[in-house]
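# Coordinate analysis (summary)
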Amino acid sequence: MKIYNTLSAQKEEFKPFSDEVKIYVCGVTPYDESHLGHAMNAVVFDTVRRYLIFRGYKVKYVQNITDIEDKIIDRANKLGITPRELAEKYTNRYFEDMVVLNVLRPDIVPYATEEIPKMLEVIQGLVKKEHAYPAKGSVYFRVRSMPDYGKLSKRTLDSMMAGARIEPVEEKEDPMDFALWKAAKPGEPAWDSPWGKGRPGWHIECSAMSLKYLGETIDIHGGGQDLIFPHHENEIAQSECFTGKKPFARFWMHNGLFQLGEAKMSKSSGTFISIKQVFEKHSADGFRLFILGSHYRNPLTLSEEAIEAAERGAERLTQALKNGTAQGKTNGKLDAQPFRQKFTEVMDDDFNTPQAIAVLFDLAKEINKAAEKGANASDARQTLQELAGVLGLTLKEDGNSSEQELLEEAKHLVSEKKYVEMAKRIESVLPQLQTNSFIRNDLLKSFDSVLKDNESVTIIQFKNATISNTASLNAIIAHLNNKNYSDIVENLENYAKSSTASTESLVNIRKEIRQNRQFKIADEIRNKLFEMGIVLEDTPQGAIWKWKK
RNA sequence: GGCGACGUAGCCAAGUGGCAAGGCAGGAGUCUGCAAAACUCCCAUUCAGCGGUUCAAAUCCGCUCGUCGCCUCCA
């Protein structure tokens, strides 16, 4: 298995240092909604993790939350809340997004504010070894004390000085020295230290937490390409100088950056799109397929057309799982082994997910063919599901049946006052629910009273995700039962304004109409439903309906 | 100024020395009362341009044009 290592600037054979692959991925600084860059980063490394597990490795995956930082303090001050409150809010929001994205939770999530002692230990060690020096209550890392400083980002101190964008701080020995510990300013959160009250510098938390939870040498350290300098460069400096052991990380993996048309998405320029915005229109499978459809080291540009294409692709894969489930036994059996092998082969080459996805599509095509000629494709279908799962794709239909079931179940739970169970249940199916769904509304109505005194995060999230689009088919059904067809067609939309309904029974009644060969009425009902957002399809197995996309 | 990435069909995107993966869109069929869905098949003599190396280049080298990132907070 080969992985591209930023440190050596080439692909290298990957073998874990011990029997367990140790991965550290730089997490978020929670001061705002998480954006597409976070999504890309999370999906990429989630896929790395899933694939390593698929290949039989034990994996220990650590991702930190940097919950104390300049931006958090600034934003909290503006909002008039404490930095802690702000960080907690957006940390929760981040993990909600991760659930929807089908990103596995890290094995360990350390918080910077809870690891101050370890950071102080590292800083003190660096001062002792004269790699760092205190000055005016702060502590700085002495970059000139490390001969190979700059090895990750491939730059030298002198060339960086030429950039001349460094603001000199008078107490620094060298303008490139960076802060390990910052002296406290009035009104800021501060911790005691040997140098007085203060708080950690930006890079030290990752060194400390990585050392604490994964040891002195880890297998893979990941992050976005924008972290190569200065963040990761400085992590290497701190960690290797502290432990005296090299390398701090054997493999440095960096994902390409998300671009928004012309320019990179950037927080400073205010141009970024949140993950939640994407999920207003797209499914997790579609979004993951979009991200993994290009190689992780290349930049990714947001394009509505491209996400839409990925969405259709996801549907196609999902469909292959469904097609021809009537198991043929007579016409041979589709062997999925070659696909599994090819999948492994391309993923082994620096996680070539675009090619892995191509294998999935090839397999889907063969499954469809097998289904057509009545061959047994159940193994192949299982393989497709499994391999898709390695990429974090669920291939679950977000169709009506699960929504219907959820509604029934949820109503039951409410009547039993089992709110906690209900919240859990909603959370588990939330990714599959359509944003623009009647069921969501019905659920909301059922839960309105609950919301008033049970404001769990999940329920509120659920409410926010819901778009108003109520419609009732009860009235229509009543009229259909009375066979007032023309009246129905005329007033369909008016009837569709209130309360709850069962589309299923409508479909059943229309079936009767079709059996009576009154196609014109049947077609008009179908058209009206389409205008209302319901797609009706007549298949040999009977009519099915789903929400329009 | 320093470091780096990229330019492949209408769109997205693999491939980095040996006849150009895959998806979306498009076209033709199958199925169907019709429609839709689904499925099958077809769809780049050519890889920004120009030179060079080679039996052989989208792939290596040089130049030109174009786009973008990092060097300051960022995943």
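## With respect to the pairing of strand β9 (residues 218-224)
Side-chain direction in a regular strand flips from residue to residue, so the side chains alternate between the two faces of the sheet. Within β9, seven of the seven residues are buried, which leaves the element mostly enclosed by the surrounding structure. One ladder, built from three bridges, connects strand β3 (residues 20-25) with β9; its direction is parallel. What sits directly across from Val-25, in β9, is Gly-222. In this structure, β9 lies alongside strand β10 (residues 249-255), joined through six bridges in parallel fashion. Bridging across to β10, Ile-218 finds its partner in Ala-249.

## Remarks on the pattern of salt bridges
Scanning all chains against the criterion turns up 35 salt bridges. The shortest N-O distance in the salt bridge between Arg-84 and Glu-88 comes to 3.5 Å. Here Arg-84 pairs with Glu-88, and both are found in helix α3 (residues 83-100), just four residues apart, close to one helical turn. According to the relative accessible area criterion, Arg-84 is exposed, its value standing at 56%. We classify Glu-88 as partly exposed; its relative accessible area is 43%. A salt bridge links Arg-514 to Asp-538, with the shortest nitrogen-to-oxygen separation between them at 3.3 Å. Here Arg-514, found in helix α20 (residues 503-515), pairs with Asp-538, found in strand β14 (residues 534-539); they are 24 residues apart in sequence, far enough to count as distant. With a relative accessible area of 31%, Arg-514 lands in the partly exposed category.

## A look at the nonpolar core
By size, the foremost hydrophobic cluster in this structure holds 73 residues, and its most contacted members are Phe-343 and Leu-384. The dominant element in this core, judged by the number of residues it contributes, is helix α1 (residues 36-54), at 10 residues. The contacts of Phe-343, once residues within four sequence positions are left out, are Tyr-51, Phe-54, Ala-356, Val-359, Leu-360, Leu-387, Val-390 and Leu-391. Formed by 42 residues, the second largest nonpolar core is a distinct cluster that contains Val-62, Leu-180, Ile-236 and Phe-242.

## Observations regarding the side chain of Glu-115
With respect to the secondary-structure elements, Glu-115 resides in the loop between α3 and α4 (116-128). Apart from residues lying up to four places away in sequence, Glu-115 is in contact with Pro-110, Met-209, Lys-212 and Tyr-213.

## Comments concerning the sheet that holds strand β5 (residues 132-135)
Taken in spatial order, the four strands line up as β5-β6-β7-β8 in an open sheet, and their pairing is antiparallel. On the outer flanks of this sheet lie β5 and β8 (198-200), each paired with one strand and no other. Going from strand to strand, the sheet's axes swing by 20° on average, the running direction of each strand aside. Taken together, the four bridges between β5 and strand β6 (residues 138-141) define a ladder with antiparallel strand orientation. Bridge pairing links Pro-134 to Val-139 in β6. Sheet strands touched by helix α7 (residues 228-243): β6 and β7 (178-183). Its angle to β7, the strand with the most contacts, is close to 85°.

## A few points about the confidence of the model for chain A
Per-chain confidence: chain A averages 79 in pLDDT, with 73% of residues scoring 70 or above. Throughout residues 427-441 the model reports pLDDT below 50, and contacts reaching past four residues in sequence, or to other chains, amount to 47 contacts. This stretch, residues 446-486, has a pLDDT under 50; its non-local contacts, to residues over four places away or in other chains, come to 93 contacts.

## Considering the packing of aromatic side chains
For any pair of aromatic rings, the description rests on two quantities: the centre-to-centre distance and the angle between the ring planes. The final tally for this structure, using the stated rule, is 12 aromatic pairs. Each ring, one from Phe-54 and one from Phe-343, has its centre 6.0 Å from the other, and the planes form 85°; the classification is edge-to-face. Note that Phe-54 is positioned in helix α1 and Phe-343 in helix α11 (residues 337-348), a separation of 289 residues in sequence. For the pair Phe-287 and Phe-290, a centre-to-centre distance of 6.5 Å together with 10° between the ring planes defines the contact as stacked. Of this pair, Phe-287 and Phe-290 both sit in helix α9 (residues 284-292), three residues apart, roughly one helical turn. Residues Phe-287 and Phe-290 agree in their burial class; the two are buried. The ring of Phe-95 has Arg-105 lying over it, and the distance from NZ or CZ to the ring centre is 4.2 Å. Positioned over the ring face of Tyr-4 is Arg-297, at 4.0 Å from the centre of the ring.

## Looking at the environment of Met-253
Its place among the elements puts Met-253 in strand β10. Placed 208 residues apart in sequence, Met-253 and Phe-45 show a C-alpha to C-alpha distance of 9.1 Å. Those residues in contact with Met-253 that lie beyond four places of it in its chain are Ile-3, Tyr-4, Thr-6, Phe-45, Val-48, Ile-220, His-221, Gly-222, Gly-223, Tyr-296 and Phe-351.

## A few points about unusual backbone geometry
Residue Pro-230 is bonded to the preceding Phe-229 through a cis peptide linkage, with omega at 5°. Structurally, Pro-230 can be placed in helix α7. Residues Lys-246 and Pro-247 are joined by a peptide bond in cis, for which omega reads -5°. Positioned with a positive phi, Asp-350 is a non-glycine residue whose angle comes to about 55°. Following the sequence through the fold, Asp-350 ends up in the loop between α11 and α12 (353-373). Asp-350 gets classed as buried once you look at its relative accessible area, which sits at 0%.

## Some thoughts on the packing of α1 against α11
Two numbers describe how α1 lies on α11: the axes approach to 12 Å, and their chain directions differ by 125°. Relative to α11, α1 is oriented oblique. Remark: the crossing between α1 and α11 carries left-handed chirality. Every residue of α11 that contacts α1 at Thr-47, Tyr-51 and Phe-54 is listed here: Arg-340, Phe-343, Thr-344, Met-347 and Asp-348.

Calculation criteria
- Residues numbered from 1 in each chain as written.
- Chains lettered and ligands numbered in written order.
- Predicted model: local features only at pLDDT ≥ 70, side-chain atom pairs only at ≥ 80, totals over all residues.
- Heavy atoms only, no water.
- Buried < 20%, exposed > 50% of the residue type's maximum accessible area, 1.4 Å probe, protein only.
- Helix = DSSP H or I, 4+ residues; strand = E, 2+ residues; numbered from the N terminus.
- Pairing = 2+ DSSP bridges.
- Salt bridge = Lys/Arg side-chain N within 4 Å of Asp/Glu carboxyl O.
- Core = buried A, V, L, I, M, F, W, Y, C linked by side-chain atoms within 4.5 Å.
- Contact = heavy atoms within 4.5 Å.
- Axes fitted to C-alpha atoms, helices over the stretch in contact; angles between N-to-C directions.
- pLDDT = per-residue confidence, 0-100.
- Phe/Tyr/Trp six-rings, centres within 6.5 Å; stacked < 30°, edge-to-face > 60°.
- Lys NZ or Arg CZ within 6 Å of the ring centre and 35° of its normal.
- Parallel < 35°, antiparallel > 145°, perpendicular 65-115°, else oblique.
- Left-handed = near helix turned anticlockwise from the far one by under 90°.

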